[in-house]
Amino acid sequence: MIKIVHYINQFYAGVGGEEKADIGPSIQEGTMGPGLALKAAFGSEAEITHTIYCGDSYYAADTGKASAEILEMIKQVKPDLFIAGPAFNAGRYGLACGSISKIVQDELGIPVVTAMYHENPGAEMYKDSVYIVATKDSAAGMRTAAPTLAKLALKLAKGEKIGASIEEGYMPGKARVNFFEEKRGSRRAVEMLLAKISGKPFVTEFPMPDFDRVAPAAKIDVKTARFAIVTSGGIVPKGNPDRIESSSASKYGEYEYADLNADPSTVYETAHGGYDPVYANQNGYRVLPYDILDEFQKAGKIGSIHGKYYTTVGNGTAVKDSARYGQEIAEKLLADGVNAVVLTST
Amino acid sequence: MVHICTITPISMTVGANRIVPAIAIPYPLGNPKATADEDKAIRREIMEKALVAFETPVDNQTIFE
């Protein structure tokens, strides 16, 4: 019989809601709350021998202390497997489930699995470290989550081979497993298209990253504004001194503008490997419109121009890396009082 | 920030708020088939639109055609 310890919060333990969120951890024999659904799914193969519950605020307020207390309780019981949640879309609960699961996995070396909604902040933070089964956003999803969670838990406890995320129902991140699709790609693509056309549900095999949204900036007075140019079109000084890669760029460049009297084909080139470089190599201003910005400034149409431009290659470049480049570039521009950025993309 | 790009649906997807359409992927601000003066005039026209975009209050993602 596989021995399991199950972690839940004060709400699912039936202790209370927000007013009880600051209670410390307790351990009790047997199942509580959502553990009942798991128990049914486990049948006779495994047993939740103990349930630990803890207030979400208590865990969040001092994670080090709370996790040490919980770890001590688990050590006494010596389970074969640890399950936390499901947390659904409860933020603090999800963070607690991810955190304690990772700590148990690292400290006790036993398999762990948790479950939550994909937008729960705990998912983004812990899906690369522990198996997180994807659930719906509310407890109404327990019925569908329990069998998936139980099945993965049993496999982990028995040391069986874990399949791909799409087969087992965990979030991509923890493990990458190859598998053979039964149908070839062309058939899957056509079936997906037909489903889309007829308004039937379909699941993409290549989900887009979740892009964040920012509120539009207020309008500005361009006559007093300080301008800068940033580009993902890869315009670099001739010779590409920093060797910015033609795809999957690992860096961005910060360069002074070349002399406007020079033939642009002798001072600029593009490092970008994702479009025909001929036209940008002939005249880099087609991507980096500094000649016009300078003209505007001399005519008094704009205030001033930041002395450098920032450039990278937007070609297969990871969104995470791009976001970091953007952050760093924005900090530099803000430090110089820039309030108008022209961003060009190819 | 004003985003000057040719494939404006991508700009919408990634969340730019002020978008000015460009000419073509390999030459967003220009036209290699035109004379040097015309090439620059195209660039100037797009940048003028960018100035308008900076000066226009927007509540939502907006493409300045």
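For the structure itself, consult the block above.
Predicted, not measured: the structure shown is a model, and the values here were computed from it. (Residues numbered from 1 in each chain as written. Chains lettered and ligands numbered in written order. Predicted model: local features only at pLDDT ≥ 70, side-chain atom pairs only at ≥ 80, totals over all residues. Heavy atoms only, no water.)

## With respect to the overall build of chain A
From N to C terminus, chain A includes 12 helices and 13 strands. Taken over 346 residues, chain A has a buried fraction of 44%. When the accessible area of chain A is evaluated, it comes to approximately 17,400 Å², of which 52% is carbon and sulfur surface. (Helix = DSSP H or I, 4+ residues; strand = E, 2+ residues; numbered from the N terminus. Buried < 20%, exposed > 50% of the residue type's maximum accessible area, 1.4 Å probe, protein only. Areas by Shrake-Rupley, 256 points an atom, 1.4 Å probe, with all protein chains shown as cover.)

## Some remarks on the side chain of Gln 10 of chain A
Residues and elements named next belong to chain A. On the secondary structure map, Gln 10 appears in the loop between β1 (2-9) and β2 (26-29). Polar contacts involving the side chain of Gln 10 include one to the main-chain carbonyl oxygen of Gly 17, which spans 3.1 Å. A polar contact is formed between the side chain of Gln 10 and the backbone nitrogen of Asp 56, at a distance of 3.1 Å. For Gln 10, the residues in contact, after removing those within four places along its chain, are Val 15, Gly 16, Gly 17, Glu 18, Lys 20, Ala 21, Ile 23, Cys 54, Gly 55 and Asp 56. (Polar contact = N/O pair within 3.5 Å; in protein donor to acceptor, adjacent residues only side chain to side chain. Contact = heavy atoms within 4.5 Å.)

## Some words on the side chain of Arg 18 of chain B
Residues and elements named next belong to chain B. Within the fold, Arg 18 resides in strand β2 (residues 18-21). Here Arg 18 occupies a buried position and makes no salt bridge, while the nearest side chain of opposite charge, Asp 59, is found at 8.4 Å. Within polar-contact distance, the side chain of Arg 18 engages the backbone oxygen of Thr 56 at 2.8 Å. (Lys, Arg positive; Asp, Glu negative; His and termini not counted. Salt bridge = Lys/Arg side-chain N within 4 Å of Asp/Glu carboxyl O.)

## So, the pattern of salt bridges
Residues and elements named next belong to chain A. Scanning all chains against the criterion turns up 21 salt bridges over all chains. A salt bridge links Glu 45 to Lys 158, with the nearest nitrogen and oxygen atoms 2.6 Å apart. A residue pair is termed long-range when its members are at least 10 positions apart, and Glu 45 in the loop between α1 (35-42) and β3 (46-54) and Lys 158 in helix α6 (residues 142-158) qualify at 113 residues. The exposure class assigned to Glu 45 is partly exposed, which follows from its relative accessible area of 38%. We note a salt bridge from Glu 254 to Lys 332, for which the minimum N-O separation is 3.1 Å. Here Lys 332 lies in helix α12 (residues 319-335) and Glu 254 lies in strand β9 (residues 253-256), a separation of 78 residues in the sequence. Look at Glu 254 and you get partly exposed, because its relative accessible area is 31%.

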